[in-house]
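Remarks on the overall topology
Below, each chain spelled out in residue letters.
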Amino acid sequence: MNEQAKKATELFLGGLYCSQAVLGAFCEKYELDASLANRISFGLNSGCRCADVCGAVSGALLVVGLKYGDNRSIGNKSIEEYIRIFKEKYGSIICRDLLGCDISTPDGNEQAIAKNLYKTRCVEIVASSAEILAGLDF
């Protein structure tokens, strides 16, 4: 596990949401205030609170924007490459697919808690998301 993956894991286990943890792992590198990063990425957690695009993926895409947001061509290619690698590993970027339940519903959230998904699968995905970024030289 690389430095960013360790940091993202630490932040997630410390109470941040998935989107916040991934972006937070790169704050120092991009000189982004951690408090501001947490506020910016807050609404992306849990697949935008509807179990859609995984918050760890959304957080990663914000990191791409930090590095290449002023260069559409390179930025878009970087996003496509990140998503390709993530999908290759997990088969989807959709939260409910990754977890096997829809955490935006009470029943789905109860399933996730009962299966300990937030402390197992989500931790793995948060770390992996940051690791993929680091492997792409972010």
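Heads up: these notes are all about the structure in this document. (Residues numbered from 1 in each chain as written. Predicted model: local features only at pLDDT ≥ 70, side-chain atom pairs only at ≥ 80, totals over all residues. Heavy atoms only, no water.)

1. Some points on the packing of aromatic side chains
Filter applied, for reference: Here the aromatic set is Phe, Tyr and Trp, taking the six-membered ring for Trp, and pairing holds for ring centres within 6.5 Å; pairs whose planes are under 30 degrees apart are stacked, those over 60 apart are edge-to-face, and all others are tilted. Helix and strand assignments follow DSSP, with helices taken as H or I runs no shorter than four residues and strands as E runs no shorter than two, numbered in order from the N terminus. Using a 1.4 Å probe on the protein chains alone, a residue whose accessible area is under 20% of its type maximum counts as buried, one over 50% counts as exposed, and one in between counts as partly exposed. For a Lys NZ or an Arg CZ to count as sitting over a ring, it must be within 6 Å of the ring centre and within 35 degrees of the ring normal.
Under the criterion given, the structure shown has four aromatic pairs. Taking the centre distance of 5.7 Å and the plane angle of 90 degrees together, the rings of Y68 and F138 count as edge-to-face. With a gap of 70 residues between them, Y68 in helix α5 (residues 55-68) and F138 in the segment after α9 (121-135) connect regions that are remote in the sequence. Judged by relative accessible area, Y68 falls into the partly exposed class, the value being 22%. F138 gets classed as buried once you look at its relative accessible area, which sits at 3%. An angle of 40 degrees between the planes, with centres 4.9 Å apart, marks the rings of F86 and Y90 as tilted. On the criterion of helical spacing, the pair formed by F86 and Y90 is a turn pair, its members being four residues apart in helix α6 (residues 72-90). Among the aromatic side chains, those forming a connected cluster through ring pairs are Y82, F86 and Y90. Against the face of F138 rests K67, its NZ or CZ located 5.0 Å from the ring centre.

2. Concerning the nonpolar core
Where we set the bar: Take the buried Ala, Val, Leu, Ile, Met, Phe, Trp, Tyr and Cys residues and link them wherever side-chain atoms come within 4.5 Å; each set so joined is a nonpolar core. Contacts: residue pairs with any heavy atoms within 4.5 Å of one another.
Within the largest apolar cluster, 43 residues are counted, with the highest numbers of intra-cluster contacts made by F26, Y82, F86, V126 and L133. Among the elements of the structure, α1 (3-13), α2 (18-24), α5, α6, α7 (95-99) and α9 are those that each provide at least two residues to this core. Per element, the largest residue contribution to this core is eight residues, and it comes from α9. Residues contacting F86, with those up to four places away along its chain left out, are V57, G91, S92, I93, L98, I125 and I132.

3. Here we look at the pattern of salt bridges
Oppositely charged side chains are able to pair whenever their charged atoms sit close together. Convention followed: We define a salt bridge as a side-chain nitrogen of Lys or Arg found within 4 Å of a carboxyl oxygen belonging to Asp or Glu.
Summed over all chains, the structure comprises five salt bridges. Here R96 ties to D52 by a salt bridge, and the two come within 3.6 Å at their closest N and O atoms. Of this pair, R96 sits in helix α7 while D52 sits in the loop between α4 (45-51) and α5; the two residues are 44 residues apart in sequence, bridging distant segments of the chain. Since its relative accessible area comes to 32%, D52 is described here as partly exposed. For E88, the salt bridge goes to R84, with nearest N and O atoms at 3.0 Å. Of the two residues, E88 and R84 both sit in helix α6, four residues apart, roughly one turn of that helix. Among the residues examined, E88 registers a relative accessible area of 63% and is labelled exposed.

4. Re α9
The condition that has to hold: To estimate how far a helix should extend, the number of its residues minus one is multiplied by 1.5 Å.
The first and last C-alpha atoms of α9 sit 21 Å apart over 15 residues, in line with the 21 Å expected at 1.5 Å per residue. Of the residues making up α9, those classed as buried are C122, V123, I125, V126, A127, S128, S129, A130, I132 and L133. At its buried positions, α9 is contacted by α1, α2, α5, α6 and α7. Among the residues trailing α9, D137 stands out with phi positive, at a value near 70 degrees.

5. Overview of the side chain of T9
Assignment of secondary structure puts T9 in helix α1. Setting aside its immediate chain neighbours within four residues, T9 contacts M1, V123, V126 and A127.

Limitation: the analysis is restricted to geometry and does not speak to function.
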